[in-house]
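So the chains spell out like this:
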Amino acid sequence: MNILDVVECVEGNLLTSTQNTDREILYGYSCDLLSHVMANARSNCVWVTVQTHLNIVAVASLLDISCIVVPESIEVEETTLQKAEEEKISIIASKLTAFEICGRLYDMGVKPCK
Amino acid sequence: MKRYIMEHTYSIEAGNYAVAGEASSSIKGLLKKLGIDGGIVRRMAIAAYEAEMNLVIHSVGGSLTIKIAPDELLLISEDGGPGIADIDLAMEEGYSTAPEEAREMGFGAGMGLSNMKRCADEFNIHSDAGIGTKLQIKIYLK
């Protein structure tokens, strides 16, 4: 699936402009502890986290993560969105919980990172 | 004496989360431009990020240096303190001394040093409490 498919799947809104809509997303990972993400997330994955500060973009960029999904309509800082635009990382806001987002993505065939 | 063909040092400021990760991003970009294998770039990017965040969270400030030789990459992290009292304990997964502010941001999982070690072919850490910490991470290119 691509980023637009993820947006649809999680009933989300794309908060960044869509530079990477052709990027194939095969894997998913969910965690709010950044060292766990550094250790386990694969490239071209979708990452679900409640963290919204600037450093999530650095983590995503270093690991070549395709997009970040923020659950429960949590507001994302403007500085984070600006940085995400620069680094071409898509950020999606969803009203669903992290549990439901992961469940839906899993049902659509997105595989765990390990 | 190893001959390094390129070397770059980044100064890392304590407590400045706004620019944290920029040195690691720059190192990753540099290695990618040199055409180094993607898997190796990824390992060095992870190690550099963990080292950089340790400097931001735990040190009074320090530096991150990347040295590139035809057959190896060397990352050196040095700071001016406060040093690690018990390195064996600090190496244990899950042990962390990160302040509450950092933990709320998702740092302080106690995995930084073990993540670095896992990415490295050679990993050395030396610390003197009250003086500072020096970390060396080597990744072989051949």
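See the structure printed just above.
Residues numbered from 1 in each chain as written. Chains lettered and ligands numbered in written order. Predicted model: local features only at pLDDT ≥ 70, side-chain atom pairs only at ≥ 80, totals over all residues.

### Here we look at the interface of chain A and chain B
Here's step 1: Across the contact, 14 residues belong to chain A and 18 residues belong to chain B.
Here's step 2: Broken down by secondary-structure element, the contributors of at least two residues to the side of chain A that touches chain B are helix 2 (34-40) and helix 3 (55-63) of chain A.
Here's step 3: For the side of chain A that touches chain B, the leading source of residues is helix 2 of chain A, giving five residues.
Here's step 4: Considering only residue class, the side of chain A that touches chain B consists of seven nonpolar, six polar and one charged. (Contact = placed C-beta atoms within 7 Å. Helix = DSSP H or I, 4+ residues; strand = E, 2+ residues; numbered from the N terminus. Nonpolar A, V, L, I, M, F, W, Y, C, P; charged D, E, K, R; others polar.)

### Concerning the pairing of strand 5 (residues 132-140) of chain B
Residues and elements named next belong to chain B.
Here's step 1: Note that strand 3 (residues 72-79) and strand 5 share seven bridges and pair antiparallel. If you follow Ile-76 over to strand 5, its bridge partner there is Gln-136.
Here's step 2: In the sheet, strand 4 (residues 122-128) pairs with strand 5 via seven bridges, with the strands oriented antiparallel. Looking at the pairing, His-126 lines up with Lys-134 of strand 5.
Here's step 3: The hairpin formed by strand 4 and strand 5 contains three residues between the paired strands, and Gly-130 there has a positive phi angle of roughly 90°. (Pairing = 2+ DSSP bridges.)

### A look at the sheet that holds strand 2 (residues 62-69) of chain B
All names here are of chain B.
Here's step 1: Taken in spatial order, the five strands of this open sheet run 1-2-3-5-4, and their pairing is antiparallel. Looking along the sheet, the strands with just one partner apiece sit at the ends: strand 1 (6-12) and strand 4. This sheet shows a mean twist of 10° between the axes of neighbouring strands, independent of strand direction. (Axes fitted to C-alpha atoms, helices over the stretch in contact; angles between N-to-C directions.)

### Comments concerning the packing of helix 1 (residues 22-33) of chain B against helix 2 (residues 38-58) of chain B
All names here are of chain B.
Here's step 1: Relative to each other, helix 1 and helix 2 sit at 160°, their axes nearing to 8 Å. Looking at the two axes, helix 1 sits roughly antiparallel to helix 2. The crossing of helix 1 and helix 2 is right-handed. For the pair formed by helix 1 and helix 2, the contact residues are Ala-23, Ser-24, Ile-27, Lys-28, Leu-31 and Lys-32 on the first element and Val-41, Met-44, Ala-45, Ala-48, Tyr-49 and Glu-52 on the second.
Here's step 2: Class assignment of the residues belonging to the contact of helix 1 with helix 2 gives a composition of eight nonpolar, one polar and three charged. (Parallel < 35°, antiparallel > 145°, perpendicular 65-115°, else oblique. Left-handed = near helix turned anticlockwise from the far one by under 90°.)

### A word on the sheet that holds strand 4 (residues 67-70) of chain A
Residue and element names in this part refer to chain A.
Here's step 1: Strand order in the open sheet formed by six strands is 1-5-4-3-2-6, and the pairing between neighbours is mixed. Each edge of the sheet is formed by a strand with only one pairing partner; in this case those strands are strand 1 (12-14) and strand 6 (111-112).
Here's step 2: Bridge count between strand 2 (residues 27-30) and strand 3 (residues 45-48): four bridges; the pairing is parallel. If you follow Gly-28 over to strand 3, its bridge partner there is Val-46.

### Observations regarding the nonpolar core
Here's step 1: Grouped together as the largest cluster of nonpolar side chains are 73 residues, with contacts concentrated most on Val6(A), Val46(A), Trp47(A), Ile68(A), Val69(A), Ala47(B) and Ala48(B).
Here's step 2: No other element matches helix 2 of chain B, which puts twelve residues into this core.
Here's step 3: Discounting chain neighbours no more than four positions away, the residues touching Ala48(B) are Ala23(B), Ser24(B), Ile27(B), Leu64(B) and Leu75(B). (Core = buried A, V, L, I, M, F, W, Y, C linked by C-beta atoms within 7 Å. Buried ≥ 20, exposed ≤ 12 C-beta atoms within 10 Å, placed from the backbone.)

### So, the packing of helix 2 of chain B against helix 5 (residues 112-119) of chain B
All names here are of chain B.
Here's step 1: Closest axis-to-axis distance for the helix 2/helix 5 pair is 9 Å, and the angle between their directions is 155°. Between helix 2 and helix 5, the angle is such that the two are roughly antiparallel. Here helix 2 and helix 5 pass one another in a crossing that is left-handed. Of helix 5, the residues touching helix 2 (which contributes Arg-43, Ile-46, Ala-47, Glu-50, Ala-51, Met-53 and Asn-54) are Gly-112, Asn-115, Met-116 and Cys-119.
Here's step 2: A per-class count over the contact of helix 2 with helix 5 returns six nonpolar, three polar and two charged.

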